[in-house]
Amino acid sequence: MTPLLSVPVAADFVAPTVDYVAVLPMLIVFGAAIVAVLVEAFAPRASRFSIQVGVALVGLIAALGAVGKLIVDGTRVETAGIPAADGTLAASIVIDGPAIFLQGTILALSILAVLTMTERSTDGGAFTPQASAVPGSPGEGAARRVGLVQSEVFPLMLFSVGGMLMFPASNDLLTMFVALEVFSLPLYLLCGLARRRRLLSQEASLKYFLLGAFSSAFFLYGAALLYGFAESVRLADIAAAITGTGRPAVVGQDGLLLLGIALLAVGLLFKVGAAPFHIWTPDVYQGAPTPVTGFMAACTKVAAFGAMLRVVYVALPGARWDFMPALWGVAILTMVVGSVIAIVQTDVKRMLAYSSIAHAGFLMTGVLAIDKIGISGVLFYLFVYGFTTIGAFALVSLVRDAGEDGVGGEATHLSQWAGLGKRHPMAAGAFTLFLLAMAGIPLTSGFMGKYAVFSAAVSNGAWVLALIGVLASAVAAFFYVRVIVLMYFSEPSGSASVVATPGVGTLFAILLSVVVTIVLGIAPTVLFGPAEAASLFLP
Amino acid sequence: MTPLLAEGTTRAAIGAAEGALQQGAWLLVALPLAGAALLLLGGRRTDAWGHWLAVAASWGAFVYGALLFLDLRSLAPEERVRDLTLFSWMPAGGFQLDAGLLLDPLSLAFVLLITFVGSLIHVYSVAYMEHDDDRRRFFAYLNLFVASMLLLVLANSYALLYVGWEGVGLASYLLIGFWNHNPVYATAAKKAFVMNRVGDFGLSVAIMIMFATFGTVTYAGVLPNAGEGSTNAMTWIGLALLLGACGKSAQFPLQAWLGDAMAGPTPVSALIHAATMVTAGVYLVVRSGPIYEAAPTAQLAVVIVGAVTLLFGAIVGCAKDDIKKALAASTMSQIGYMMLAAGLGGIGYVFAIMHLLTHGFFKAGMFLGAGSVMHGMNDSVEMRRYGALSGAMKTTWATFGLGWLAILGVPPFSGFFSKDGIIETAFATGEGWRPWVFGMATLIGAGITAFYMSRLFFMTFQGRKRWPAEAHPHESPSLMTVPMIILAVGSVALGGFLFVGGRFHDWLEPVTGAVEEHHPVIAKYPLMGLTLVLVAVGVALAWRQYWQAEVPQTAPRGSWITRAARKDLYQDDVNEAVFMRPGQYLTRSLVFTDTKGVDGAVGGLAAAVGGLGGRLRRWQSGLVRTYAASMLAGVVVLLLGVLAVRG
Amino acid sequence: MSPYVPILVLAAIAAAFAVFSIGAGALAGPKRYNRAKLDAYECGIEPTPQAAGGGRFPIKYYLVAMLFIVFDIESVFLIPFAVAFDRLGLFALIEMVLFIATVFVAYAYVWRRGGLEWD
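Keep in mind the model is a prediction, meaning the values are calculated, not measured.

## Side note on the overall build of chain B
Here's step 1: Within chain B, the regular secondary structure consists of 26 helices and three strands.
Here's step 2: When each of the 647 residues of chain B is scored for burial, the buried share is 61%.
Here's step 3: When contacts within chain B are restricted to residue pairs at least 6 apart in sequence, those whose partners lie at least 24 apart make up 81%.
Here's step 4: Carbon together with sulfur atoms contributes 66% to the accessible area of chain B, which is approximately 23700 Å² in total.

## Description of the overall build of chain C
Here's step 1: Looking only at helices and strands, chain C features four helices and zero strands.
Here's step 2: Its helices and strands in sequence order give chain C the pattern α-α-α-α, from N to C terminus.
Here's step 3: Within chain C, the fraction of its 119 residues that count as buried is 10%.
Here's step 4: Surface accessibility of chain C: about 10100 Å² in total, with carbon and sulfur atoms responsible for 73%.

## Some points on the domain arrangement of chain C
Here's step 1: Along its sequence, chain C is carved into domain 1 (1-31) and domain 2 (57-119).
Here's step 2: For domain 1 of chain C and domain 2 of chain C, the distance between their C-alpha centres works out to 44 Å.

## Some thoughts on the interface of chain C and chain A
Here's step 1: Every contact between the two is made by 11 residues of chain C and, on the other side, 15 residues of chain A.
Here's step 2: For the chain C and chain A pair, buried surface summed over both sides reaches about 1400 Å², with 67% attributable to carbon and sulfur atoms.
Here's step 3: The closest approach of N and O atoms between Arg113(C) and Glu40(A), which form a salt bridge, is 2.9 Å.
Here's step 4: Seen at the junction of chain C and chain A, the total is four residue pairs in polar contact (both at pLDDT 80 or more).
Here's step 5: Broken down by element, the side of chain C that touches chain A gets its largest block of residues, nine residues, from helix 4 (residues 85-112) of chain C.
Here's step 6: Taken together, the residues that form the side of chain C that touches chain A break down as seven nonpolar, one polar and three charged.

## Things to note about the environment of Lys320(B)
Here's step 1: In this fold, Lys320(B) is placed in the loop between helix 14 (296-319) and helix 15 (323-344).
Here's step 2: Taking C-alpha positions, Lys320(B) is 33 Å from Arg136(B), a pair spaced 184 residues apart along the chain.

## With respect to the packing of helix 5 (residues 135-154) of chain B against helix 6 (residues 158-176) of chain B
Residue and element names in this part refer to chain B.
Here's step 1: Viewed as axis vectors pointing N to C, helix 5 and helix 6 meet at an angle of 155 degrees, and their least axial separation amounts to 8 Å. Of the possible angle classes, the one that applies to helix 5 and helix 6 is roughly antiparallel. The interaxial crossing formed by helix 5 with helix 6 has left-handed handedness. In this structure, helix 5 uses Phe138, Tyr141, Leu142, Leu144, Phe145, Ser148, Met149, Leu151 and Leu152 to contact helix 6, whose residues at the interface are Leu160, Leu161, Val163, Gly164, Trp165, Gly167, Val168, Ala171, Ser172, Leu174 and Leu175.
Here's step 2: Classifying every residue of the contact of helix 5 with helix 6 gives 16 nonpolar, four polar and no charged.

## Focus on the nonpolar core
Nonpolar side chains in soluble globular proteins tend to end up buried together.
Here's step 1: With 414 residues, the main nonpolar core has Phe167(A), Leu269(A), Phe431(A), Tyr158(B), Leu241(B), Ile291(B) and Phe504(B) as its most contacted residues.
Here's step 2: Beyond its immediate stretch of four places on either side in the chain, Leu269(A) contacts Ala274(A), Phe277(A), Met308(A), Leu327(A), Val330(A), Met364(A) and Leu638(B).
Here's step 3: Grouped together as the second largest cluster of nonpolar side chains are five residues, Phe81(C), Ala84(C), Ala92(C) and Met96(C) included.

## Quick notes on the pairing of strand 2 (residues 82-88) of chain B
Residue and element names in this part refer to chain B.
Here's step 1: Here strand 1 (residues 15-16) runs beside strand 2; their pairing, made up of two bridges, is parallel. Its bridge partner lying in strand 2, glycine 15 is registered against arginine 82.
Here's step 2: Here strand 2 runs beside strand 3 (residues 98-103); their pairing, made up of six bridges, is antiparallel. When the sheet's bridge partners are listed, threonine 85 is paired in strand 3 with glycine 100.

## Some points on the interface of chain B and chain A
Here's step 1: Each side of the interface is counted separately: chain B has 51 residues, and chain A has 61 residues.
Here's step 2: Taken together, both faces of the contact between chain B and chain A bury some 5200 Å²; the carbon and sulfur share is 79%.
Here's step 3: In this structure, the connection of chain B to chain A is made through zero residue pairs in polar contact (both at pLDDT 80 or more).
Here's step 4: Of all the secondary-structure elements, those providing two or more residues to the side of chain B that touches chain A are strand 2, helix 6, helix 7 (183-214), helix 24 (571-609) and helix 26 (624-646) of chain B.
Here's step 5: The residue inventory of the side of chain B that touches chain A, partitioned by class, reads 35 nonpolar, 11 polar and five charged.

## Here's the deal with the pattern of salt bridges
Any two side chains of opposite charge can pair, on the condition that their charged atoms come close.
Here's step 1: Applying the stated criterion across every chain, the model contains 12 salt bridges over all chains.
Here's step 2: One salt bridge connects Glu40(A) with Arg48(A), and the closest N-O pair in it is separated by 3.6 Å. One exposure class covers both Glu40(A) and Arg48(A), and it is buried.
Here's step 3: Judged by relative accessible area, which is 1%, Glu40(A) ranks as buried.
Here's step 4: Three or more residues joined by partner-sharing salt bridges are found here, namely Glu40(A), Arg48(A), Glu152(A) and Arg113(C).

## Digging into the confidence of the model for chain B
Residue and element names in this part refer to chain B.
Here's step 1: In the predicted model, chain B carries a mean pLDDT of 77, and 81% of its residues have values of at least 70.
Here's step 2: The secondary-structure element of chain B with the lowest mean pLDDT is helix 25 (residues 612-619), recorded at 38, while helix 12 (residues 279-287) shows the highest, at 88.
Here's step 3: A low-confidence stretch, residues 596-622 stays under pLDDT 50, and its non-local contacts, those more than four residues away or across chains, total 26 contacts.

## Looking at unusual backbone geometry
Here's step 1: In this model, Ala275(A) is joined to Pro276(A) through a cis peptide bond whose omega is 0 degrees.
Here's step 2: Structurally, the position occupied by Pro276(A) is in the loop between helix 9 (254-272) and helix 10 (281-287).

## With respect to a nonpolar patch on the surface
Here's step 1: Residues Leu38(A), Phe42(A), Val70(C), Phe71(C), Phe104(C), Tyr107(C), Trp111(C) and Leu116(C) make up a contiguous nonpolar surface patch of about 720 Å² in total accessible area.
Here's step 2: Broken down by element, the residue count for the nonpolar patch peaks at three residues, all from helix 4 of chain C.
Here's step 3: With respect to the helices and strands, the residue Leu116(C) is situated in the segment after helix 4.
Here's step 4: Judged by its relative accessible area of 42%, Leu116(C) is partly exposed.

## Quick word on the packing of aromatic side chains
Remark: the centre distance and the inter-plane angle together describe each pair of aromatic rings, the angle taken between the planes.
Here's step 1: Under the definition given, this model contains 40 aromatic pairs over all chains.
Here's step 2: A ring pair is formed by Trp404(B) and Phe457(B), whose centres lie 4.6 Å apart and whose planes are at 10 degrees; its orientation type is stacked. Highlighted residues: Trp404(B) in helix 17 (residues 394-408) and Phe457(B) in helix 19 (residues 433-461), separated in sequence by 53 residues. Pair check on accessibility: Trp404(B) and Phe457(B) agree, each one buried.
Here's step 3: One aromatic cluster is present, built from ring pairs that chain together Tyr188(A), Tyr208(A), Phe209(A), Phe270(A), Trp280(A), Tyr285(A) and Phe393(A).

## Re the side chain of Glu181(A)
Here's step 1: Tracing the sequence through the fold places Glu181(A) in helix 6 (residues 173-191).
Here's step 2: The side chain of Glu181(A) is buried and forms no salt bridge, while Lys271(A), the nearest opposite charge, is found at 6.7 Å.

## Remarks on the environment of Val103(C)
Residues and elements named next belong to chain C.
Here's step 1: Along the chain, valine 103 turns up in helix 4.
Here's step 2: Judged by its relative accessible area of 12%, valine 103 falls in the buried class.
Here's step 3: A C-alpha to C-alpha distance of 22 Å links valine 103 and glycine 89, two positions 14 residues apart in sequence.
Here's step 4: In this structure, valine 103 is in contact with Val70, Phe71 and Glu74, ignoring residues within four places of it in sequence.

## Focus: the confidence of the model for chain C
All names here are of chain C.
Here's step 1: Of the residues in chain C, 84% have a pLDDT of 70 or more, and the chain-wide mean is 82.
Here's step 2: When mean pLDDT is compared element by element in chain C, helix 1 (residues 4-28) scores highest at 90, while helix 2 (residues 35-38) scores lowest at 74.
Here's step 3: Here the prediction assigns the complex a pTM of 0.71, and the interface score ipTM is 0.80.

Conventions used here
- As a convention, each chain's residues are numbered from 1 in the sequence order in which they are written.
- The lettering of chains begins at A and the numbering of ligands begins at 1, in the order of writing.
- Only residues with pLDDT of at least 70 are given local features in this predicted model, and only at 80 or more are side-chain atom pairs given and counted; all residues enter the totals for whole chains, interfaces and linings.
- By convention in this description, side-chain values take in all heavy atoms of the structure and omit both hydrogens and water.
- Going along the chain from the N terminus, every DSSP run of H or I of four or more residues is numbered as a helix, and every run of E of two or more is numbered as a strand.
- Only protein chains enter the accessibility calculation, which uses a 1.4 Å probe; a residue is then buried when its area is under 20% of its type maximum, exposed when over 50%, and partly exposed in between.
- In this analysis, two residues are considered to be in contact whenever any of their non-hydrogen atoms come within 4.5 Å of each other.
- Calculation of accessible area relied on Shrake-Rupley with a 1.4 Å probe; when residues are assessed, cover is drawn exclusively from the protein chains displayed.
- The source of the domain bounds is an automatic or database domain assignment.
- Defined in terms of a 1.4 Å probe, buried area is the accessible area two parts forfeit on being brought together, summed over both.
- A pair is scored as a salt bridge if a Lys or Arg side-chain nitrogen falls within 4 Å of a carboxyl oxygen belonging to Asp or Glu.
- Polar contacts here mean pairs of N or O atoms no more than 3.5 Å apart (in protein, one a potential hydrogen donor and the other a potential acceptor; neighbouring residues in sequence count only if both atoms are side-chain atoms).
- Note that Gly is not counted as nonpolar here; it falls among the polar residues with everything else outside the nonpolar set of Ala, Val, Leu, Ile, Met, Phe, Trp, Tyr, Cys and Pro and the charged set of Asp, Glu, Lys and Arg.
- Axis geometry follows a simple rule: fit a line to the C-alpha atoms, using only the stretch in contact for helices, then measure angles between N-to-C directions, giving values from 0 to 180 degrees.
- An angle below 35 degrees is read as roughly parallel, one above 145 as roughly antiparallel, one from 65 to 115 as roughly perpendicular, and any other as oblique.
- Definitions for this section: a left-handed crossing has its near helix turned counterclockwise from the far helix by less than a right angle. A right-handed crossing has that turn clockwise.
- Buried Ala, Val, Leu, Ile, Met, Phe, Trp, Tyr and Cys residues form a nonpolar core when they are joined through side-chain atoms within 4.5 Å.
- Any two strands are treated as partners once DSSP identifies two or more bridges connecting them.
- pLDDT is a per-residue confidence score from the predictor, ranging from 0 to 100.
- Residues enter patches when they are more than 30% accessible in relative terms and free of salt bridges; like-charged ones are connected within 9 Å and nonpolar ones (Val, Leu, Ile, Met, Phe, Trp, Tyr) within 5 Å.
- Two aromatic rings from Phe, Tyr or Trp, using only the six-membered ring of Trp, form a pair when their centres are within 6.5 Å; if the ring planes differ by under 30 degrees the pair is stacked, by over 60 it is edge-to-face, and anything between is tilted.
- This count recognises Lys and Arg as positive and Asp and Glu as negative, with His and chain-terminal groups excluded.

This is the structure in structure tokens:
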């Protein structure tokens, strides 16, 4: 007998316990993603696109239904883990209030995102006919003429959504890392699939990939250091080790803890787009196909802030005084950089990118409130910001160059938006509403969101953050209003633009975003109640 | 009325709204809001009748306000403060807030002013905007403005007031920029917006400190307890509120936008600002009276701001040749009077609001008159090209003249009672230097007012005619003159009506508390006489220079003070130096850091880390290296930050 | 801190050695270039600014490499499972079937979309 085979199995194998109902939303989305890959492989080319749309919508809506069941049941479980001898469960997934709320938000937003991605009514959609063709090559032209479309968009997007669902529900750092990669990798690809301005799109994709990989490495290294500190990757164990009540009584290893926290934070701050890790945002937002930008801006932010909330509130409350000052600095820098640099942008997608950076800063003030109302404020903010963003990007995708044949590529230069209010009052009106909501003007949902996070910050002594937040949003209001002025009070100069007639999907997405923005501005109670009820993490 | 309590506040307690009439007070806001929504959403379909719908919505709000007023009058004075909770608005954890309205003598006085003057403006605009393609949109904005303004004064918490506050800002922004084909108007709109944002910032800071101090932002929760908070907190709240009031009411140092806003398209929008919007700041200060009473420093700041602005506006008004800008400067100055009175407290509140009401009438009348003159003079605003219009436009001349007598403070016209009250209060409040300094400011202000208003009146209606050949001045249609006549009646009689028998004083008592009169440092009647003498001197000077003498058609160079006043005492230059340049510099430097500077800054850091940035540069193409390097720099800084805290 | 000291010292020594070797070579070595020295060593192809064929590798190389990794990882999981198969029970069997099915889905996609055809 060789020594290799004589290695004894340490103990009897114990099957992990999984609460399948609790993880059903994720299972449905991943299942739909796999089905979508099969559709891609076997469905005839002509009907592929419509089947993919169907699969994606059915999967996402079913998953939303499963989340609905969790809400109705009031489920709060840790699941998917192997029970230890003392009965505790080293669970890798936790389904609690914030997780359910965030999963519901992500699913609702991604349904809208799918609807915007189905837009093909004007010029064959936002996606390239063949991603592997060299931009401008005869092959690409041929692919366009026969009406090919890269319908892999949908399976990629479903995988990404699955990862996003998992990210804020992860109970340990390894699961969190896996989720991070699962939702990031498809996004890198999606960024490179724009139909027009292919080179810009591919550049964005590559940049996002390289920098994303860079930040993932930091995250992983941080997780490893924290494991070194706590001898566990579970968030609750790390929390216990910090307070000194954990299993290994760790002393004198603060260096590991602090470095670990800082590096872990880098990974999360990169994903939310906080300064100084924001620098990819404008390029990627500009280059990516606009429906993907909307999806990315809304859903990534939800997922990443969900994970940040969980790490800060579950794993690190004991080390609060160590990392808070640094995160305060990051929050302040993010708000200032986002609002100020947005002023000089001339491209509407870049402007929205900087605006999303500023919003990341505002959200961080809620996270740093370190309080239950901070959590509910952030949850509320994420929900309303997500809808506003998807609606805004859906509108951006409709404003086109006036080509010879009627409709050209997207007109993203701000000068092309001049006078839009006269020519297309409905589109300009909706965009104005979204801008006002982002600026936080009262009676829009954005005002309520800002109020929720700022009041949480103030009532927990972080009034400096709130003050800077209010200042920054005053600055930010300037560039939002600049666009409104442009649309209503300026004569168009240079190349004109037209608003394409939206298909049913885009129209629905915009209308729903408008409704949510208005309703939650007037009657925020509708959502504040659930957000507050959901704002308690399981330990 | 006897005080309710032997000691402490004499302000009336808040009761719940009773009866269908009070319960339905939300209709006041809802009516014009629905009008605006219908007109904006209805599109071209509503072009034919939309303006009449807007007029009806506005008058409807007025009728409802009048009914409410009668209802409250029928109650005993101490029961005249009613709170109406509408719905639970922001239940964010520890921060509970209901949206509700507060019906009390103060808010109703404003409701009546806003809806009555507002409705007259609506009627006037039907004729004035007749030939405009976008008349429907204009009326939608007017309705939106009225709704926001009503929400502002009816709110029962600072948070809801803020909603109305922003709404008014938005509507005014839309109105100023209405004829947006002219870039000057768009710039003016932007300026108004930016200045107002500075003010809004003050208001939101005040609300935040309030929340941190009291845990609530309702009037009921904040105002009765204002005495219990620390003086420090009250001072900060008071100063922040003052900043807000300065922005909205065009007070020093945020006064610059008003003049440019008047350059905006129509005398109508100029008027709606002058008569209603700018009073919001005064309302805020009077409403927050208990806070200021608990913070003498902040109160003093209000008085100083009022005094500075009233002189500032008066001086600027002397040099303007544009009829609308001269009226705008006069508005600024008159609001300064109100602000000063509101800062004096006690009886000052009563006179501040009374002057606000009378001013609302006579200034509105004069703005409509100016509009009527422009209507007859091919939209020229140049007073040096007017002259001797009294013959051509009799009704305008007469109504304008009555307004002129009112603003001069000639007894028994409206302005006499309110302005004289303010002057008297200024001389009677405080100790040591204060009554003298503030009293003299109001007194001198009255003299200058007499000069520049007479200058305006004489240049426009009297003297010799200086029209260009193509002008054919004519009287305006009756839709325009009838509102002017109604407002002129108010200019004549309102002041006396409110003052005689202490009517207004008693009406406001549940809000301001019982107030006692002080004795001015100069006796009452000599003071009145002195005021009238100064006014007479001002009129006489203007008469000599602008009626008797020839008025040059191009402005002479003038003394340095005239030139300074023409340039609004260099307010734009100061703003540019103090606010704009540093802002631009910050933006530029940040952008520089973000795009180009990253290379440099990171290069330095990276060199320290081992020349990594330089290596990456040769190793990779494109800008990703810069990005990655900047991220790395961020990581290093973050690490240092975390470690430094522990260290 | 003590456990890290030796590591730090080692890292420092390694870095110092590298810097010293390169630095010493650059400083001490004579620099006498001629045409032959600047050529490619002894044999081989003359360097060109871009790689042959327009500077691009056929994408197929990468496809094959990635497919290899997929199956590589599959076997990494399969072998331990096979070794302990009898003790892992039904649960593990189902999980493995699901795993293999998932990999197969990806394989089917590659196959149907022509990823396995060289030309």
